[in-house]
Structures are given as structure tokens and as C-alpha cells.
Amino acid sequence: MRISRLWLASGFLQSSFGFQFPHPLFERIQHEGSFPTANCQRQKQRTHSTTTLWVSELHVPAYAESKLPFILTEEDMQQLQQSNIHGGQLTLQRLQEQTYTANIDYESLIPYQDGFLLHKTIVPIFNAHECQQIIDEAEFIASQIEWTRNRHGNYPTTDLPLVELPQTLKFLKVALVQRIYPLLRSQFGMFLPDPNKLRLADGFVVKYDADQGQKELKPHRDGSVLSFNIALNPASEFEGGGTWFASLDAAVKIDQGEIVSHSSALLHGGHGITSGKRYILVGFVILEEYAPFSMRFYNQVRNL
Ligand SMILES: O=C(O)CCC(=O)C(=O)O
Ligand SMILES: [Fe+2]
């Protein structure tokens, strides 16, 4: 499971900015059956794991803390209005009112009930400049504190949590409200008892590097209700890559700024790259106040 089931005191990170913040240790769930080959080819057989899956705040108290850095505060709003980067039109009330709707084209895969469990946009949700700023900040911070390699239990990624990236965090808080949550609401709203309760519980930048370090991420399920990843660098900068899904037996590929979103319970992995570097921004999203639903939805999808 890629989101924490445990809240450990040792999960406090000293940030490079001199303050401490609570940082849950995240864990990934063991997938069922045997591992596919290195490049995430089809599983030979599926057996059912007995591991308990936790995907809500009720079951994972750490989520109550880990979601907080991604929620806009009054102070954020004051700063945004002073900098006037959004034309001074933003108010906290407006941002909290769920007034935004998705205005972006996407393709849908893996039909389920009245909707689909997997989507990919066919246009960017972040522009090239925004993506590059995130990569630049991640590499700059990594030059000071190193990429982490142990945040997610059995399935670690080489990543930096967004709470370590102050500019990206500030940008993402607004982007979540204006772009990402509206998109997820339009894609998954038919499944959700209250689509306005989506909350990011963990967000991080992942780096895959064909020459050194991590090249792939083995198949797993994330410990949240919905997961997304946004491609930060152009697809022309690496070979291979994409997000592999067991039920498609294929990797879904996107270009810079585009977003893949899916039920966290789908068995998926980071398809190996054979050259270059691949950067993505990954988010794990929970549904606040709907613990029983979240668990039910997860287990239904998982057992499809
Ligand atoms: O590399 C990818 O596309 C998938 C990443 C992923 O599944 C994760 O970070 O949980
Ligand atoms: Fe994942």
C-alpha cells in the first residue's frame, strides 16, 4: 500500500527549511499473485491476498495530518491576492465553493458500473513552464537533501514529498482546487457519495533514471481511493515508461503536463524506462468523511 497505515514517531523529517513537519511513513500493499517480469508484463495468475487494505482517514489516522499541507489557508489566500497572480479574483470562499468545473478532454478506459476506472487527458493540465518549474525545484532540493528512497514500504519510489518543495506546494494547492479536483469529479463523480470531499493525502515527485537509480516500479495498489500522476518532462526524453495496468496488460503513456487518473485499487506499476529520465508528480487522494464507502469501493475494484 502506498499510503500509510502507520503513524510512526520516526516519520518526522527535518525539512531543508529548518522546520519540522509530521511526515507519515507510507506503505504499499503487496499485490496478489506472482510478480510479472521486470517490465510489468502480465501476471501469470491471480490469487487473493489476505492483507488488510486501509484507504480512509478513519483507518489511517495519519491522513488527518498528511492532507493538511495541501489545503489552502487564509494566509495562502492573502499571499495570492497580494501577488495578484490570479488577477485578484480569488477569494477563499470562491476556492472552497467547488465552483470550478473540468474543461479538459480525456480518454476513459476500464469500464465499471456507470463509469470508468482509468482516464488519461489528451491535453496538458499543467503547461510546459509549470512542469519545468517543478522539476527544477525538485532537483534543486534534491541537491541539498537527496531524493528519498524509503517512503513507501515494500514499493519505494525515488521521490521527494511535495512538503519539501515549497513553490510546488503553493502552486499545487491552487491547481488542486481549480484543475485537478474538478477533473477527478468529472471522471469519478458517478462513483462517489460526495465528489466535493476529495482530498490529497500524499503528493510527491518521482524520478526514474535509466542510467542510475530507479527504472521502474513493480505492480502494486495504492492505499487511497484515487491516484493520479502528471508527466513532468516530455515523453521524447525517455524510452519506455508510462503507467502499466494489469487489466490492460499495457502501459498508458502520456506527454508532458498530461494526467493519468485511476482507482487506487487497480493493480498498476511504473513501466521500466530503457533510456533517459522520467519525472512524474504523483498524488494519492482520499474521500474525507466516507470511510466505509472508501473501503467498499476499493475492495470491489480490487476484486474485479
Ligand atoms: O510510474 C508510474 O507511472 C506509476 C507510479 C505509481 O504508481 C506510484 O507512484 O504509486
Ligand atoms: Fe501507484
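Above this note sits the structure.
If you're wondering where the values come from, they're calculated on a predicted model, not measured in any experiment.

Participant: Even after reading the chapter, I still don't get the coordination of the iron ion (ligand 2), so can you show me in this structure?
Facilitator: Each donor-metal-donor angle in an ideal tetrahedron of four donors is 109.5 degrees, and each such angle in an ideal octahedron of six donors is either 90 or 180 degrees. Here the iron ion (ligand 2) is held by His220 (NE2), Asp222 (OD), Asp222 (OD) and His268 (NE2), and the distances to it run 2.1 to 2.7 Å. Angles of 51 to 168° at the metal separate the six donor atoms of the iron ion (ligand 2), which places the site in the irregular class.

Participant: Is there a simple way to explain helix α5 (residues 166-188) in this structure?
Facilitator: In an α-helix, one turn spans 3.6 residues; hence positions three or four apart end up facing the same way. Of all the bends in α5, the greatest, near 60°, is centred on Leu176. Burial analysis of α5 places 17 of its 23 residues in the buried class, which makes it a mostly covered element.

Participant: In this structure, what is going on with the side chain of Gln256? I would like to understand it.
Facilitator: With respect to the secondary-structure elements, Gln256 resides in the loop between β11 (250-252) and β12 (259-263). The exposure class of Gln256 is buried, given its relative accessible area of 18%. For Gln256, the side chain forms a polar contact with the main-chain oxygen of Leu232, separated by 3.0 Å.

Participant: Please explain the pattern of salt bridges as it appears in this structure.
Facilitator: Pairing between side chains of opposite charge can happen when their charged atoms approach one another. Under the counting rule described, the total for this entry stands at 12 salt bridges. In this structure, the salt-bridge partner of Lys67 is Glu288, at a minimum N-O distance of 2.5 Å. With Lys67 in the loop between α1 (62-66) and α2 (74-83) and Glu288 in the loop between β14 (273-287) and α6 (291-302), this residue pair connects regions lying 221 residues apart in the sequence. For Lys67, a relative accessible area of 10% corresponds to the buried category. Because the salt bridges share partners, they merge into one network encompassing Glu57, Lys67, Arg199 and Glu288.

Participant: Got a minute to help me understand the nonpolar core in this structure?
Facilitator: Generally speaking, a soluble globular protein has its nonpolar side chains buried in company with each other. With 55 residues, the main nonpolar core has Phe126, Leu172, Ile180, Leu184, Phe228 and Leu281 as its most contacted residues. In terms of residue count, the dominant contributor to this core is α5 (nine residues). Leaving out residues up to four positions away in the same chain, Phe126 has contacts with Cys131, Ile134, Phe171, Leu172, Ala175, Arg179, Ile180, Ile230, Gly257 and Leu281. Listed in part, the 11 residues of the second largest apolar core include Phe204, Val206, Val282 and Phe284.

About the thresholds
Residues numbered from 1 in each chain as written. Chains lettered and ligands numbered in written order. Predicted model: local features only at pLDDT ≥ 70, side-chain atom pairs only at ≥ 80, totals over all residues. Heavy atoms only, no water. Donors = N, O, S within 2.8 Å, 3.2 Å for Na, K, Ca; no water. Tetrahedral: all angles 85-135°; square planar, octahedral: opposite > 155°, others 65-115°. Bend = angle between axes of the 7 residues up to and from the residue. Helix = DSSP H or I, 4+ residues; strand = E, 2+ residues; numbered from the N terminus. Buried < 20%, exposed > 50% of the residue type's maximum accessible area, 1.4 Å probe, protein only. Polar contact = N/O pair within 3.5 Å; in protein donor to acceptor, adjacent residues only side chain to side chain. Salt bridge = Lys/Arg side-chain N within 4 Å of Asp/Glu carboxyl O. Core = buried A, V, L, I, M, F, W, Y, C linked by side-chain atoms within 4.5 Å. Contact = heavy atoms within 4.5 Å.

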